[in-house]
Structure formats: C-alpha cells, structure tokens
Amino acid sequence: VGPDEDGRRALTVLQRALIAPRITLLTQFNGLPAGVKFLVDLREELRSFKEDDPDLNGLEQDLRSLLRTWFDVDFLELRQISWDSAPGALLEKLVQYEAVHAIRDWQDLKNRLESDRRCFAYFHPRMPNEPLIFVEVALVNGLAGNVAELLDKDAPAQDPDTADTAIFYSISSAQAGLAGISFGNFLIKRVVDNLSKEFKQLRTFSTLSPIPGFRAWLSKQLAD
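Counting starts from 1 at the beginning of each chain's written sequence and moves along it residue by residue. A pLDDT threshold of at least 70 governs which residues receive local features in this predicted model, and a stricter bar of 80 or more applies before side-chain atom pairs are shown or counted, although totals over entire chains, interfaces and linings include all residues. Hydrogens are left out, water is left out, and the side-chain values use all remaining heavy atoms of the structure.

## Quick look at the overall build of the chain
Step number 1: Here a strand is any run of E in DSSP of at least two residues, a helix any run of H or I of at least four, and the numbering for each starts at the N terminus. What the chain contains, in helices and strands, is nine helices and five strands.
Step number 2: Helices (α) and strands (β) of the chain occur, in sequence order from the N terminus, as α-α-α-α-β-α-α-β-β-α-β-α-β-α.
Step number 3: Its C-alpha radius of gyration of 22 Å places the chain more than 25% over the 17 Å reference for a compact globule of 224 residues.
Step number 4: In terms of overall dimensions, the chain has C-alpha extents of about 75 × 50 × 35 Å along its principal axes.
Step number 5: By sequence separation, contacts in the chain at least 24 residues apart represent 70% of the contacts at least 6 residues apart. This radius of gyration counts C-alpha atoms alone. The globule rule is 2.2 Å times how many residues there are, raised to the power 0.38. Only heavy atoms enter the contact rule, under which two residues are in contact if any of them lie within 4.5 Å.

Shown next as structure tokens:
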C-alpha cells in the first residue's frame, strides 16, 4: 500500500469520525411518513429555545445543514394553486400561512384566486400537502398605485389575456423551520418564466410589497 492510498484511507476515516452520530439518526427520518415535516417542525422549536439553552445550538445547526441539502430548489415542485382544483385543506393553509396581507374570509381568498390572479407555491416530495413558500400575483394593465385596489373584492375580474403587467403583491414563507433557507428569488424567477409562457403579451413584472417595520419606525421618529 502506497503513501497516497494510506492518506486516502486516513481521510475517509477522519470524515466519518467528524459526522455526529445524531446526523445518522436525523437522516433516518427522511424515510418515515411525515418524517421530514417532523424535522422541519423540530427546528422551528429549537430556534425558539436555543437562546435560552446554548447547548441546543449544535443540534439546530446540524438540522439546518441537513434541511438545506434536502430542500435544494432542484428537488422542489412548483404548483399553481387555484380555487377550483386545490383541496380545501390546502386552501385553509394559504389562509393560515399568509404573512403579508391577511386573508379575511373565504370570499377574500376566492378573489385572490380569480381568473386574473395567480398563486404559485413550492412543494417538497416528502411534504406534498404543505406549501413551503407561495406568491400571489395580479394580472393587470399598468402598475398599481396601492395594494387596496388589487385586494378589492368588489372589483370585476379582468380578462388576463389583455393584461400587460404582472404584479407580485404578496410572498409568504410557510414553514418557520426552514428559516434561513432561501426559496423566494428562485420562486419568483420560475413564476415569471411560467407567466411569460402562458401570457405572451405581458411586458412588465413588478412587486408591490410593504416594508416590514417601517410604520413602527416612522411612528417613533414622529414621536421624537
């Protein structure tokens, strides 16, 4: 056995020794029904406890690294969610997970899934009924000046084939246990590509998003 072979064997032994035994245990959850969802929820809990118990940091970081590998965007499925075809349980989750503009009732949700609206979400094969992140899009003519006109339930639906602008007005991460694992940019790019193929006349793609914390900051400035 030559020195190079000895080095390769030593490197293999070292790599195995550096893998924490808990990684082997956590990896086995990937083969269990709802096992991946369990780990996602576990990390959400760990994130809330680790500041009070620093000993949990290592476990949380190992879990984050594992989930980052499993939730690579190449493994995710992009789906359009519609009022007519989506199961009721999934529609309820949209209401639950919406983090930008609260969905007030079923009529509000139906309005956001009208013919001139689109909703797309990423799903993982091991969590087929749980959206990871979803984006809501309005198909309109020209840029909207405010979100209220896009969310107006009484406004008539526009023919999407005449729209020249797609406005991304809400994007929500649905799984707190996947915090720090980015999907948003990839989701928007995929949706732009899908919409461009479905509606050849679209010319403008825009966001209309709030600035988190801006009102609280402004109120403090005015008070001072």
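## Side note on the pairing of strand β5 (residues 204–207)
Step number 1: Two strands are said to pair when DSSP picks up at least two bridges between them. With four bridges connecting them, strand β4 (residues 165–173) and β5 associate as parallel partners. The residue bridging Thr 165 from the neighbouring strand is Thr 204, located in β5.
Step number 2: Whether a crossover is right-handed comes down to one check: with the strands pointing away from the viewer, does the path from the first strand over the helix to the second run clockwise; if it does, it is right-handed. Following the chain from β4 across helix α8 (residues 184–198) to the adjacent parallel β5, one finds a crossover that is right-handed.

## Some details on the packing of aromatic side chains
Step number 1: Two aromatic rings, drawn from Phe, Tyr or Trp (for Trp, its six-membered ring), form a pair once their centres lie within 6.5 Å of each other, and the interplanar angle then sorts them: stacked below 30 degrees, edge-to-face above 60, tilted otherwise. By the definition in use, this model includes three aromatic pairs.
Step number 2: Summarising the aromatic geometry, the rings of Phe 29 and Phe 38 are spaced 5.2 Å apart at their centres and angled 15° between planes, so their arrangement reads as stacked.
Step number 3: Between Trp 83 and Trp 106, the ring centres sit 6.2 Å apart and the planes meet at 70°, which makes this aromatic pair edge-to-face. One end of the pair, Trp 83, is in the loop between β1 (77–80) and α5 (88–97); the other, Trp 106, is in helix α6 (residues 106–112), with 23 residues separating them in the sequence.
Step number 4: By relative accessible area, which is 27% here, Trp 83 ends up partly exposed.
Step number 5: With a relative accessible area of 44%, Trp 106 lands in the partly exposed category.
Step number 6: Only when the NZ atom of a Lys or the CZ atom of an Arg is both within 6 Å of the ring centre and within 35 degrees of the ring normal do we say a charge sits over the ring. A cation over an aromatic ring shows up here: Arg 79 above the ring of Phe 123, its NZ or CZ 3.8 Å from the ring centre. Each residue gets one of three labels from its accessible area relative to the maximum for its type: buried under 20%, exposed over 50%, partly exposed in between, using a 1.4 Å probe on protein chains only.

## Brief notes about the layout of surface pockets
Step number 1: Roughly 250 Å³ of volume is contained in the largest pocket.
Step number 2: Looking at the largest pocket, it is lined by 20 residues, and the ones nearest its centre are Asp 116, Arg 117, Glu 149, Ala 155 and Pro 156.
Step number 3: No other element matches α6, which puts three residues into the lining of the largest pocket.
Step number 4: Looking at the lining of the largest pocket residue by residue, the class counts come to eight nonpolar, five polar and seven charged. Grid spacing is 1 Å over the protein atoms alone, the probe is 1.4 Å, and a cavity is where that probe fits but cannot get out, while a pocket is an open set with protein on both sides within 12 Å along at least five of seven lines and lining residues have an atom within 4 Å of a point. Grid points are joined across faces, edges and corners, and a volume is the space filled by probe spheres set on the points. Gly is put with the polar residues, along with every residue not named as nonpolar or charged; the nonpolar set is Ala, Val, Leu, Ile, Met, Phe, Trp, Tyr, Cys and Pro, and the charged set is Asp, Glu, Lys and Arg.

## Overview of the sheet that holds strand β3 (residues 133–140)
Step number 1: The mixed open sheet is built from five strands, whose spatial order is β1-β2-β3-β4-β5. With partners counted over all chains shown, the strands left at the sheet margins are β1 and β5, one partner each. When strand polarity is set aside, the average angle formed by the axes of neighbouring strands in this sheet is 25°.
Step number 2: Against the sheet, α8 engages β1, β2 (117–123), β3, β4 and β5, with an angle of about 135° to β2. Axes, fitted as lines to C-alpha atoms, cover a helix only where it is in contact. Angles between the N-to-C directions of the axes lie from 0 to 180 degrees.

## Concerning the side chain of Lys 37
Step number 1: With respect to the helices, strands and loops of the structure, Lys 37 is situated in helix α3 (residues 35–49).
Step number 2: Note on Lys 37: relative accessible area 18%, which makes it buried.
Step number 3: Not counting the four nearest positions on each side in its chain, Lys 37 is found in contact with Tyr 97, Met 127, Glu 130 and Gln 175.

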